[in-house]
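Commentary on secondary and tertiary structure
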Amino acid sequence: MYILGIETSCDETGVAIYHSTQGLISHHLYSQVSMHNDYGGVVPELASRDHIRKLIPLIKQTLSDSRLIKSDINGIAYTAGPGLMGALLVGATTARSLAWTWQIPAIAVHHMEGHLLAPMLEENPPRFPFVALLVSGGHTLLIQVDGIGQYTQLGESLDDAAGEAFDKTAKMLGLGYPGGAKVAKLAEQGNDRFKFPRPMTDRPGLDFSFSGLKTFTMNTLNKTEKTAQDKADIAFAFQKATAETLVIKCRRALRQTHLKTLVIAGGVSANTQIRNDLLIMTKKENAQLFFPRLEFCTDNGAMIAFAGCQRLLAGQQENLEIYVKPRWSIATLRGC
Ligand code: KG4
Ligand code: ZN
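What this report covers is the structure whose coordinates are included nearby.

1. Focus on the overall build of the protein
Of regular secondary structure, the protein possesses 10 helices and 10 strands. The C-alpha atoms of the protein give 20 Å as radius of gyration, which agrees with the globular expectation for 336 residues (20 Å, within 12%). Projected onto its principal axes, the C-alpha positions of the protein cover 60 × 45 × 30 Å. Every one of the 336 residues in the protein was classed for burial, and the buried ones make up 55%.

Dropping the structure here:
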């Protein structure tokens, strides 16, 4: 079964074709980052307009690269939420219209379920059940995953998401948008000079809070001369504090659930320090760590094609209605 996947929830247009037994056939991504960079963040209306410009050419390119023709495609998966309303609508209307024209099913995919299942695109995929840490620009979630659609939320961020904290720190340090990878790069030049707090680790529970860390970062920066080295040292301290906080909560989640598999996904899971620290922790806990390849940590069409394929294989059906859900909790999803 060949599934066309479409991702347009934010500032990346992603398209992929996944085959149920052969795996990923082809995929393409167009990033709008340089366009939004001038504004210091994503401008929703510009994002929607650019998805309209890029989506159909990207679908054509992905189809031609795969040497398939449209009648080979057996289903279409698209991101229905969470995300920006206008951007989501571009993907949803295109997916449903194509599916109707081609007389094949379309399926609405939850963006975070896409991220969650992305490590399953790799050669050595994790097996259910596992604990998943989803860290993106909009979400920080710890989830017990017992199967597709069987998600128990263990913890979440009560304020800023981890990626948001990275992006705001980048802004303070004058690094531009999106900032996660830039903070990570600057941290490589940094020294272990400042001690930042590890928020909410001194009390029980699996929730997170990153807004205090952001304020602490700002206050620390304002007490320095703001030299290049000061900024690098701050990037180092911020990244270390974030990584350690995530490690502490993931270890707690593994112990609490008695599970031995940890999956990390979402844009922030591209961070080398976070990956390495989690690797050390999981080894000590006799557990295994799985993460997607770097290009599938951030938004992409492959994860949507994969998630949609699993749901279509399981027989999930939807009517022809075009709908999006800009706010949509992953805990409300059902198995199929
Ligand atoms: O999953 P994603 O592409 O989009 C959302 O669904 O939000 O995640 C984007 C987030 C941004 O906040 C970005 O700064 C962060 O992931 N990010 C990183 C790194 N690469 C991307 N954060 C830390 N280190 C990185 N290397
Ligand atoms: Zn995402």
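2. Examining the pairing of strand S4 (residues 73–81)
The side chains of a regular strand alternate, residue by residue, between the two faces of the sheet. S4 sits mainly inside the fold: 8 of its 9 residues count as buried. By the bridge criterion, 5 bridges tie strand S1 (residues 2–7) to S4 in an arrangement that is parallel. Each residue of the ladder has a partner; that of Ile 6, found in S4, is Tyr 78. Both S4 and strand S5 (residues 106–110) contribute to a ladder of 5 bridges, which runs parallel. Within S5, the residue paired with Gly 81 across the bridge is His 110. In this fold, the crossover linking S4 to S5 by way of helix H3 (residues 85–102) has right-handed handedness.

3. Focus: the pairing of strand S7 (residues 140–147)
Across the 8 residues that make up S7, a large majority, 7, are buried. Bridging between strand S6 (residues 130–135) and S7 involves 6 bridges; their strand directions are antiparallel. Residue pairing in the sheet places Phe 130 in a bridge with Val 145 of S7. Counting the residues that bridge the hairpin from S6 to S7 gives 4 residues. Examined bridge by bridge, S7 and strand S8 (residues 150–156) share 6 bridges and lie antiparallel to one another. Opposite Gln 144, over in S8, you have Thr 152 as the bridge partner.

Procedures and definitions
Residues numbered from 1 in each chain as written. Chains lettered and ligands numbered in written order. Predicted model: local features only at pLDDT ≥ 70, side-chain atom pairs only at ≥ 80, totals over all residues. Heavy atoms only, no water. Helix = DSSP H or I, 4+ residues; strand = E, 2+ residues; numbered from the N terminus. Rg over C-alpha atoms; globule rule 2.2 N^0.38 Å. Buried < 20%, exposed > 50% of the residue type's maximum accessible area, 1.4 Å probe, protein only. Pairing = 2+ DSSP bridges. Right-handed = clockwise from strand over helix to strand, strands pointing away.

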